[in-house]
Amino acid sequence: MNIWDCHVHMRGGETADEILRGMDAAGITRICLFARYPGRDIEGHGPPPAEAYRPAIEEVAAIQEVDPDRIYGLFWPDPRSEGILDLVEYALLDKGLRGLKMIPNHWSPCDELLFPLYEKMQAIGKPIQFHSGILYGFGDSSRFCQPVLYEALVNFPGVRFSLAHISWPWVDECIAVFGRFRAAVRYQTADCQMWIDTCRGTPDAWRLEALRKAVPFCGTKRLMYGTDCTAGSIAGNAPWHIRKDTDILVNEMGLSEEQVEEFFWGAAEALYSGG
Ligand SMILES: [Zn+2]
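All of these numbers come straight from a predicted model, not from anything done at the bench.

Novice: Looking at this structure, I do not really get the overall build of the protein. What am I missing?
Specialist: Assigned secondary structure in the protein consists of 8 helices and 9 strands. Its C-alpha atoms give the protein a radius of gyration of 17 Å, within 12% of the compact-globule value 19 Å for 275 residues. On the principal axes, the C-alpha backbone points of the protein span a range of 50 × 40 × 35 Å. Split into buried and exposed, the 275 residues of the protein put 44% on the buried side. Across the protein, contacts joining residues at least 24 apart in sequence account for 80% of those joining residues at least 6 apart.

And the structure:
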């Protein structure tokens, strides 16, 4: 079975060779690889300066170029940075990166500041993978990451996007927001602009319950597998995640082979192929 890990972070300094070897060892066919956060001060409240972005873009683009079929590079912009729309164009059109990774950090997904970026992404037609849920990574930003804040995207129906971690601990809210986006397209899942990235965030005690709710309500066509590991730790982390999720989906929930394949591959393929 092909496995697509939709959520892998770069720390900076990794090589394509070590990433591909890690994927081979873990039995993973394809990954979404997030560029490192531009600039140095991830904890700071200010946006990175424009010149901090180019090295992060070039680094992930160079890795993608080694095997563009297996490595989908994503650009990580901060919407508050000056000239960000030009940088998005550069990353996605000139360098061929596959989409955006974004973490709300003292900006909210519903801020009007974001609307020009959403318009740009509608025009470009590539997806955005958002963080959603409690944010252990940096600062006091979790309040900007609640799933309902993403409802603003219903005004930009051409933007395909995913919310990570099933938005834990706001799993029910995340699933309800998915319902809202599906209702916006007359309940046709195939036309729904929202995906859920199920990468960890849900601790073990919540994982089964979260998937038991998400699978029947959302369907496996819109639930993507991911690990949230770093590019250097795929071989060590991914097999454990694959085993645990397979156990839940197959042994605990009795999903069909087709549903399991949608979860591990088809949902991400649909996000990146446009339907
Ligand atoms: Zn992550």
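Let us keep going from here.
Novice: Got a minute to help me understand the sheet that holds strand E2 (residues 30–34) in this structure?
Specialist: The pairing of strands in a sheet comes from backbone hydrogen bonds and takes either a parallel or an antiparallel form. Taken in spatial order, the 9 strands of this open sheet run E8-E7-E6-E5-E4-E3-E2-E1-E9, and their pairing is parallel. Looking at which strands have only one partner, the edges of the open sheet turn out to be strand E8 (223–224) and strand E9 (229–230). With 3 bridges joining them, strand E4 (residues 99–102) and strand E5 (residues 128–130) adopt parallel strand pairing. Across the sheet, the residue bridging to Lys101 is Gln129, located in E5.

Novice: Explanation requested: helix H8 (residues 257–273) in the structure shown.
Specialist: Every α-helix carries 3.6 residues per turn, so stepping three or four residues along brings you back to the same face. Considering bend angle alone, the principal kink of H8 is centred on Phe263 and spans about 55°. The secondary structure elements touched by the buried residues of H8 are strand E1 (4–9), strand E6 (161–163), strand E7 (194–197), E8 and helix H7 (234–252). Gly274 sits one or two residues past H8 and shows a positive phi near 95°.

Calculation notes
- Residues numbered from 1 in each chain as written.
- Predicted model: local features only at pLDDT ≥ 70, side-chain atom pairs only at ≥ 80, totals over all residues.
- Helix = DSSP H or I, 4+ residues; strand = E, 2+ residues; numbered from the N terminus.
- Rg over C-alpha atoms; globule rule 2.2 N^0.38 Å.
- Buried ≥ 20, exposed ≤ 12 C-beta atoms within 10 Å, placed from the backbone.
- Contact = placed C-beta atoms within 7 Å.
- Pairing = 2+ DSSP bridges.
- Bend = angle between axes of the 7 residues up to and from the residue.

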